[in-house]
Amino acid sequence: MPLLNRRTLGAVTPADFDRLHALRRMQGIAVGLLIFMAVVFVFAFAFQERIPWLGYVRAASEGGMVGALADWFAVTALFRHPLGVPIPHTNLIANKKDEIGEGLGSFIEENFLADDVVHDKLSQISGARMAGAWLREAGNARRVSDMAAGIGLGALTVLDDRDVQDLVESLVRRHIVDPEWGPLLGRATESFVTGGHHESLVDLAASRLELWLVQHPQAFDKVISSRLPQWVPSIVDKFVDQRLHAEAVKFLQNVSADANHPARAAITKFLHDLSRDLQEQESLQQQLESFKREVFDSPRIRDLAASTWQTARAAIVDMLEDPESELRSRITAAVCDFGRKLEEDATLQYKIDVWVMKVVEYLVRTYRHDLAQVVTDTVQRWDANEAAEKIELQVGKDLQFIRINGTVIGSLAGLGIFTIAELIIAPLAGH
């Protein structure tokens, strides 16, 4: 039997090496006790004839050695063949690895994933309140925002531009091109005029046209002068131009100033008639449909979908990549606000907790066996010796107490048996 096994037992992480160090220390103590018992036994055995009470010491040390060796054999037999000898019913973990995996899986399924266990545990946890407290912290909200941006960028990378363009084209055709425009525009115009919203447009058009005429009188003069006969003297042309220009400016000023101006009434009546004709007159509707088909023919829709998606995609990517963009800032603020509301609103907490509980219970109930099977499959995939080493690394330190206790209990048992034999059995037997 080697004094100390120097195998690393598959230790990888610092925590693993800490466990390995603790295991080796306990193994050293157990081996040290065995050596101590052997030395005591040799000394007591050699001098017990001269010093009678050393018989008790010899019996105690003898029992301690037996207990130490028996428990060393028992502990070692769990993980490997003692001294490398393939004794039956040793190296148990490696030989029974698959059965151990199945047992662990069944144990977890029946005891940890049972319906009442999951329900009781979830009912004690207010996950919504804890999530709210976590989300309202600026740093955590920023991390959630960064995660959402990463997911968004990943989705944009995975998406096929042609598929998105097809979707945009389909939506444009279904919701914009295919529906008849006439009745829709007629109802919209009627609602617009009935609400008096066109008055603001009339004011804007009149003021802008007046400003343009004042700033560009020569353009107005050219239009009017070109309509007069060539034999009219130039002085007359100039007079007519100036007079008509002044009248046009005055007319627009009156339209802007007078809410009851006849031009406004004429515009209102025109819009009313137009809204009625768009809804009822088939010829006008057909003209509008012909115009629509001419403008939104199939290639143009395709180009519109492509340009719309490319523009939107580029804008979204820029905002998601920039940590200081308005979109990222808004996402962070929204996460903080949601966390604050979630932490303070007991009703919202209750609704979310109940919803989460139902979802988790459904998932556990539906996939309980599959979840437990993960443990079974994982253990079965392990190499047999590797599995034994993993388990020994985790529990080996505690098992060394068995060896230590075996040494102590063996010593006491040996001493007790020898004492009974000397003080009770020997006198009765007449020795």
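## Some words on the overall build of the chain
Check the secondary structure of the chain and you find 18 helices and zero strands. On C-alpha atoms alone, the chain measures out to a radius of gyration of 47 Å, which is more than a quarter above the 22 Å that the 2.2 N^0.38 rule sets for 431 residues. Residues counted as buried form 30% of the 431 residues belonging to the chain. Look at the contacts in the chain between residues 6 or more apart in sequence, and 72% of them connect residues 24 or more apart. When the accessible surface of the chain is totalled, it reaches about 27,500 Å², and 63% of it is carbon and sulfur. Across the chain, the mean location of the 45 positive side-chain charges is 4 Å away from that of the 58 negative side-chain charges.

## A look at a nonpolar patch on the surface
A cluster of nonpolar side chains, namely W355, V356, V359, Y362, L363, Y367 and L371, defines an oily patch on the protein surface of about 670 Å² accessible area. On the accessibility criterion, Y367 (41% relative accessible area) is partly exposed.

## Quick word on the nonpolar core
Grouped together as the largest cluster of nonpolar side chains are ten residues: A149, L156, V164, V168, V172, V177, A305, W309, V317 and L320. Secondary-structure elements contributing two or more residues to this core are α7 (138–158), α8 (161–177) and α15 (298–321).

## As for the environment of L92
Secondary-structure assignment places L92 in helix α3 (residues 92–95). Among the residues examined, L92 registers a relative accessible area of 31% and is labelled partly exposed. The sequence separation of L92 and V356 amounts to 264 residues, and the corresponding C-alpha distance is 42 Å. Once you skip the residues sitting within four places of it in the chain, L92 turns out to touch A77 and L78.

## Thoughts on unusual backbone geometry
Even without a glycine there, the phi angle at L83 is positive, about 55°. Assignment of secondary structure puts L83 in the loop between α2 (54–79) and α3. One non-glycine residue, H89, adopts positive backbone phi at about 65°. Within the secondary structure layout, H89 lies in the loop between α2 and α3. Taking the relative accessible area as the measure of exposure, H89 reaches 72% and is therefore exposed.

Procedures and definitions
- Counting starts from 1 at the beginning of each chain's written sequence and moves along it residue by residue.
- Thresholds applied to this predicted model are a pLDDT of at least 70 for local features of residues and 80 or more for the giving and counting of side-chain atom pairs; totals over whole chains, interfaces and linings are not thresholded and use all residues.
- By convention in this description, side-chain values take in all heavy atoms of the structure and omit both hydrogens and water.
- Here a helix means four or more residues in a row that DSSP labels H or I, a strand means two or more in a row labelled E, and each is numbered from the N terminus.
- C-alpha atoms define the radius of gyration, and 2.2 Å times the number of residues to the power 0.38 defines the globule rule.
- Burial here depends on accessible area, computed with a 1.4 Å probe over protein chains only, as a share of the maximum for the residue type. Under 20% is buried, over 50% is exposed, and the range in between is partly exposed.
- Here a residue-residue contact requires only that any non-hydrogen atoms of the pair lie within 4.5 Å.
- The accessible surface values rely on the Shrake-Rupley method and a 1.4 Å probe; as for residues, cover is taken only from the protein chains in view.
- A residue counts as positive if it is Lys or Arg and as negative if it is Asp or Glu; His and the chain ends are not included.
- Taken as the charge centre is NZ of Lys, CZ of Arg, CG of Asp or CD of Glu, depending on the residue.
- Any residue with relative accessible area above 30% and no salt bridge may belong to a patch, with like charges joined within 9 Å and the nonpolar Val, Leu, Ile, Met, Phe, Trp and Tyr side chains within 5 Å.
- Each reported salt bridge corresponds to a side-chain nitrogen of Lys or Arg within 4 Å of a carboxyl oxygen of Asp or Glu.
- Nine residue types can take part in a nonpolar core, namely buried Ala, Val, Leu, Ile, Met, Phe, Trp, Tyr and Cys, and a core is a set of them joined through side-chain atoms within 4.5 Å.

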